[in-house]
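Okay, here's what each chain looks like letter by letter:
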Amino acid sequence: MTGLYVRAGKRALDLAAAALLLVVLAPVAAALALATRIALGPGVLFRQPRLGLGARPFTLVKFRSMRAGPGGDAERLTRYGAWLRRTSLDELPSLVNVLRGEMSLVGPRPLLVEDAGRLLRLCPGRFAVRPGLTGPVQLGGRNALPWAERLALDAAYARGVSFRRDLALLLATPAAVLRGDGVASPGRITGAPLAEERAP
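A quick note: this is a predicted structure, and the numbers were derived from the prediction, not measured. (Residues numbered from 1 in each chain as written. Predicted model: local features only at pLDDT ≥ 70, side-chain atom pairs only at ≥ 80, totals over all residues. Heavy atoms only, no water.)

1. Points about helix α2 (residues 26–40)
For step 1, the next point in the chain: An ideal rise of 1.5 Å per residue puts 21 Å on 15 residues; α2 measures up with 21 Å between its terminal C-alpha atoms.
For step 2, the next point in the chain: Contact partners of the buried residues in α2: β2 (57–63) and α4 (79–87).
For step 3, the next point in the chain: Immediately beyond the C-terminal end of α2, within one or two residues, lies Gly41, with a positive phi of roughly 90 degrees. (Helix = DSSP H or I, 4+ residues; strand = E, 2+ residues; numbered from the N terminus. Expected span 1.5 Å × (residues − 1). Contact = heavy atoms within 4.5 Å.)

Written as structure tokens, this is what we have:
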């Protein structure tokens, strides 16, 4: 049963759930797009290359959470943008990435392309599955976790994908989002850069 889920069931679940969520949440997405335009100016969406299945790059799509222009993250992150991140509503457009097959509902987080070499050395197993909107790292502490622990959780997930585990992670996600824990690393407003870590 697990093998069938990995081969076909997981993708079927992604397609059905992402399509349904995009339809049901369309009014929310439209309201957020308008609010983002008003709060942050032109350019509602944020696009960035990330690492996907097999460490192949794809373009992640999210709602913008920072003002354009000069300055560091702390200067450009607005109160509205911080709220978007805390509630994970900035990731609503990423459902399009799920429909395209670039992401899954559940999996390791899609990390930066510039970290590809280090990630392939430290945790190559995480690229055996599609990156996800939610997953063990999101429920275990997000950016508050040390990198070694995040990579260990990613590797463990990739080794043991199953419908039961994905369902449990999906059902636990709303409560984790409401808590808003771990949006940023300790002492930062965003996640800490990937540091040199030993492979889990």
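Having seen the model, we can carry on.
2. With respect to the pairing of strand β1 (residues 45–51)
For step 1, the next point in the chain: Pairing between β1 and β2: seven bridges, direction antiparallel. Within the sheet, the bridge partner assigned to Leu45 lies in β2 and is Phe63.
For step 2, the next point in the chain: Adjacent in sequence and paired antiparallel, β1 and β2 are bridged by five residues, among which Gly54 carries a positive phi angle near 70 degrees. (Pairing = 2+ DSSP bridges.)

3. Notes on a nonpolar patch on the surface
For step 1, the next point in the chain: Residues Leu20, Val23 and Val24 make up a contiguous nonpolar surface patch of about 310 Å² in total accessible area.
For step 2, the next point in the chain: For Val24, the location among the structural elements is in helix α1 (residues 2–24). (Patch = residues over 30% accessible without salt bridge, like charges linked within 9 Å, V, L, I, M, F, W, Y side chains within 5 Å. Areas by Shrake-Rupley, 256 points an atom, 1.4 Å probe, with all protein chains shown as cover. Salt bridge = Lys/Arg side-chain N within 4 Å of Asp/Glu carboxyl O.)

4. Remarks on the nonpolar core
For step 1, the next point in the chain: Of all hydrophobic cores here, the largest spans 22 residues; its most connected members are Leu32, Leu95, Val98, Met103, Leu105, Leu133 and Tyr157.
For step 2, the next point in the chain: Listing elements by their share of this core, those giving two or more residues are α1, α2, β2, α4, α5 (95–100), β3 (104–106) and α8 (147–159).
For step 3, the next point in the chain: Apart from the residues lying within four places of it in its own chain, the contact partners of Tyr157 are Lys10, Val106, Gly107, Pro108, Val129, Pro136, Arg165, Asp166 and Leu169.
For step 4, the next point in the chain: Within the second largest apolar cluster, twelve residues are counted, among which are Ala116, Phe127, Trp147 and Leu194. (Core = buried A, V, L, I, M, F, W, Y, C linked by side-chain atoms within 4.5 Å. Buried < 20%, exposed > 50% of the residue type's maximum accessible area, 1.4 Å probe, protein only.)

5. Things to note about the packing of aromatic side chains
For step 1, the next point in the chain: Inspection of the entire model under this criterion finds two aromatic pairs.
For step 2, the next point in the chain: Between Tyr5 and Phe163 the ring centres are 5.6 Å apart and the planes differ by 70 degrees, which places this aromatic pair in the edge-to-face class. Of this pair, Tyr5 sits in helix α1 while Phe163 sits in helix α9 (residues 163–179), and the two are 158 residues apart along the sequence.
For step 3, the next point in the chain: Centroid distance Tyr80 to Trp83: 6.1 Å. Interplanar angle 35 degrees. Geometry classified as tilted. With Tyr80 and Trp83 both in helix α4, this residue pair falls three residues apart, about one helical turn.
For step 4, the next point in the chain: Its guanidinium or amino end placed over the ring of Phe127, Arg126 lies 5.4 Å from that ring's centre, counting from NZ or CZ.
For step 5, the next point in the chain: Here the basic side chain of Arg150 rests over the ring of Trp147, its NZ or CZ set 4.0 Å away from the ring centre. (Phe/Tyr/Trp six-rings, centres within 6.5 Å; stacked < 30°, edge-to-face > 60°. Lys NZ or Arg CZ within 6 Å of the ring centre and 35° of its normal.)

6. Examining the environment of Phe127
For step 1, the next point in the chain: Note on placement: Phe127 falls in the loop between α6 (116–122) and β4 (132–134).
For step 2, the next point in the chain: Counting along the chain gives 28 residues from Phe127 to Ala155, while the straight-line C-alpha distance between them is 8.8 Å.

7. Digging into the packing of α2 against α4
Each pair of packed helices gets described by two things: the angle between the helix axes and the distance between those axes.
For step 1, the next point in the chain: One can describe the packing of α2 onto α4 by two numbers: an axis separation of 10 Å at closest approach and a directional angle of 145 degrees. For the pair α2 and α4, the contacting residues are Leu32, Ala35, Thr36, Ala39 and Leu40 in the first and Tyr80, Trp83 and Leu84 in the second.
For step 2, the next point in the chain: Class assignment of the residues belonging to the contact of α2 with α4 gives a composition of seven nonpolar, one polar and no charged. (Axes fitted to C-alpha atoms, helices over the stretch in contact; angles between N-to-C directions. Nonpolar A, V, L, I, M, F, W, Y, C, P; charged D, E, K, R; others polar.)

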